[in-house]
Amino acid sequence: MTTIYYEKDADLSLVLDKTVAILGYGNQGRAQALNMRDSGLKHIIVGSRHDESYDKANEDGFMVYSIAEASAKADVIFMLLPDEVAPEIYEKDIAPNLKPGTIVNFASAYNITFNRIKPAENLDVVMAAPRMIGEGVRELYEKGEGAPAFVGVHQDYSGKALEYAKALCKAIGATRKGAIEVSFMDETCLDLMAEQGTWPIIYNVFVEAFKLEVEMGHPEEAVLMEMYLSKEPAVMMEKAAEVGFFKQLPFHSHTSQYGQLIGFNAVDRSEIRKFLKDRYDRIRSGVFAKEWDEEQKVDHLKTFEKLRDDAFTCEFSQAEARLKERLK
C-alpha cells in the first residue's frame, strides 16, 4: 500500500519563513497562495506577466514581480504555468535565476516525465499536486476541510525533499484530507489516462445513447434531461466519492439498482480494455507528448481547433443548445 500523509506527518515550520514564489496566478495559483498565507507562511510573492492575474495578485495583497525576478528571490517556486508554455519560460526566465538548494514544486509532472524541463542537479524537485480544481482547493480549505493531493519527489538535493513536499501539502491544506505519495510518472500517467482514456469513453457512451434513443422516437429534450442535464449524474458522482462507486447504489430504487447491475455485467469489456491499453501505451511511450508538441509547434493547433469545433457543433451539442434555450 502506498503511503498517505496527514497533518501529523508534515512539519509546516520547514517552510514558514521561506520565500515562496507562485509562478502562474490562475485558479490554482491564487487558491494555493491564499491557503498558504492563511496557514501562516509569511513571504509569498507572485511571478507574472502584466495581465489580469497580475492585477488580481496585487488586489489580493501579494507583491508581484516578473517571473525572472520572482524566481531569483524565491527559496521555493510553485510551477503553476500551463504545461505547453512552461518549458520555454523555465529555460529562459526561471532556471538562470535559481540559486542552489531552491525547492521547485510542480503541480503537474508532465514536463518532468517527458523531459521537457530538465532541472539542474542542485535543486530539490518535488510535487504537491491537488486533485481538485483551484476553486475547490480554496473552498474546502475555508470550510476547514482540504482537497487531497499527490506528493512526490523527483530530485532530492537537500536530503529533505520529501519533508519539504509534505510541508507544502500541509500549507495548501492537502494533509487535512490526505497526501498520497506517488512518483512523477504515476501522476502523469493517471492524469492523462483520465483525460485520454476514461472521459473519451464516457463521451462516446452519452453520444451514442443519445443517437439511439432519438432514433427510437424519443424527444431529444427528454433524452438529454434524463441523461445528464437534470444534474442527477453529478449527484451520483458526489455520492460515489463520499461512500463508494457501487455503494452509492442504495440511493436508487431497487428497479434502478437491478437494472444497473445486470447492465454492468452484460457489457463486453474487451474493447474497452483494448482502447484503454492503447491510450496508456501512447502516453507511457511518449508518443502522445511528441504528437502534442508537433500539434503546437508545427501545425499551430489546427487539428486541435478542428476537433474542438467538430465537438461543439455536432448534433449532440446542437440539441443541447436547443434545449438550453428553452429551459428557464
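Caption draft 1: A look at the overall build of the chain. Along the chain, the regular secondary structure elements total 15 helices and 9 strands. Intrachain contacts of the chain at a sequence separation of at least 6 include 68% that bridge at least 24 residues. For the chain, the exposed surface amounts to about 18,900 Å²; the carbon and sulfur share of it is 55%.

Caption draft 2: Layout of helix α7 (residues 161-171). Along α7, 8 of the 11 residues are buried, which leaves the element largely enclosed by surrounding structure. Inspection of α7 places A161, Y164, A165, K166, A167, L168, C169 and A171 among the buried residues, and these make up the whole buried set. Downstream of α7 by a residue or two, G173 has a phi angle that is positive, lying close to 95 degrees.

Caption draft 3: Broad picture of the state of the cysteines. Applying the stated criterion to the full structure yields 0 disulfides. Cysteine C169 remains unbridged, with the sulfur of C189 as its closest cysteine sulfur at 20 Å. The exposure class of C189 is buried, given its relative accessible area of 4%.

Caption draft 4: Spatial organisation of the nonpolar core. Membership of the largest hydrophobic core comes to 35 residues, with the highest contact counts inside it found for I22, Y25, M36, L41, F78 and L168. At the level of elements, β2 (19-23), α1 (27-38), β3 (43-47), α2 (52-59), β5 (76-79), β7 (124-130), β8 (149-155) and α7 are the ones that each hand at least two residues to this core. Element by element, the count of residues in this core is highest for α7, at 7 residues. In contact with L168, not counting residues within four places along its chain, are V15, V76, F78, I103, N105, V126 and A128.

Caption draft 5: Looking closely at the side chain of H252. With respect to the secondary-structure elements, H252 resides in the loop between α10 (232-243) and α11 (254-266). Relative accessible area serves as the criterion here: at 14%, H252 is assigned to the buried category. Setting aside anything within four residues of it in sequence, one finds H252 in contact with M236, Q257 and Q260.

Caption draft 6: Up close: the sheet that holds strand β9 (residues 179-181). Ordered by their spatial adjacency, 9 strands build an open sheet running β1-β9-β8-β7-β6-β5-β2-β3-β4, and the pairing between neighbours is mixed. Of all strands in the sheet, those with a lone pairing partner are β1 (4-5) and β4 (63-65), marking the two edges. In this structure, β1 lies alongside β9, joined through 2 bridges in antiparallel fashion. The residue of β9 that forms the bridge with Y5 is A179. Each of β2, β3, β5 and β7 touches α1; the most contacted strand, β2, lies at about 160 degrees to it.

Caption draft 7: Region of the structure containing the environment of G24. As for its position among the elements, G24 is in the loop between β2 and α1. Each C-alpha atom, one on G24 and one on L34, is 14 Å from the other, the two residues being 10 residues apart in sequence. For G24, the contacting residues outside a window of four places in its chain are G29, G47, L80 and L81.

Caption draft 8: Layout of the layout of surface pockets. Its boundaries defined by the atoms lining it, the second largest pocket holds a volume of some 220 Å³. For the second largest pocket, the lining is made up of 13 residues, of which E84, V85, P87, Q296 and K297 are closest to its centre. Looking at the lining of the second largest pocket, the elements with two or more residues in it are α4 (86-94), α5 (110-113) and α13 (287-297). Per element, the largest residue contribution to the lining of the second largest pocket is 4 residues, and it comes from α13. Each residue belonging to the lining of the second largest pocket can be placed in one class, and the counts come to 5 nonpolar, 2 polar and 6 charged.

Cut-offs applied
Residues numbered from 1 in each chain as written. Predicted model: local features only at pLDDT ≥ 70, side-chain atom pairs only at ≥ 80, totals over all residues. Heavy atoms only, no water. Helix = DSSP H or I, 4+ residues; strand = E, 2+ residues; numbered from the N terminus. Contact = heavy atoms within 4.5 Å. Areas by Shrake-Rupley, 256 points an atom, 1.4 Å probe, with all protein chains shown as cover. Buried < 20%, exposed > 50% of the residue type's maximum accessible area, 1.4 Å probe, protein only. Disulfide = S-S within 2.5 Å. Core = buried A, V, L, I, M, F, W, Y, C linked by side-chain atoms within 4.5 Å. Pairing = 2+ DSSP bridges. Axes fitted to C-alpha atoms, helices over the stretch in contact; angles between N-to-C directions. 1 Å grid on protein atoms, 1.4 Å probe; cavity = no way out; pocket = protein on both sides within 12 Å on 5 of 7 lines; lining within 4 Å. Points joined across faces, edges and corners; volume = space filled by probe spheres on them. Nonpolar A, V, L, I, M, F, W, Y, C, P; charged D, E, K, R; others polar.

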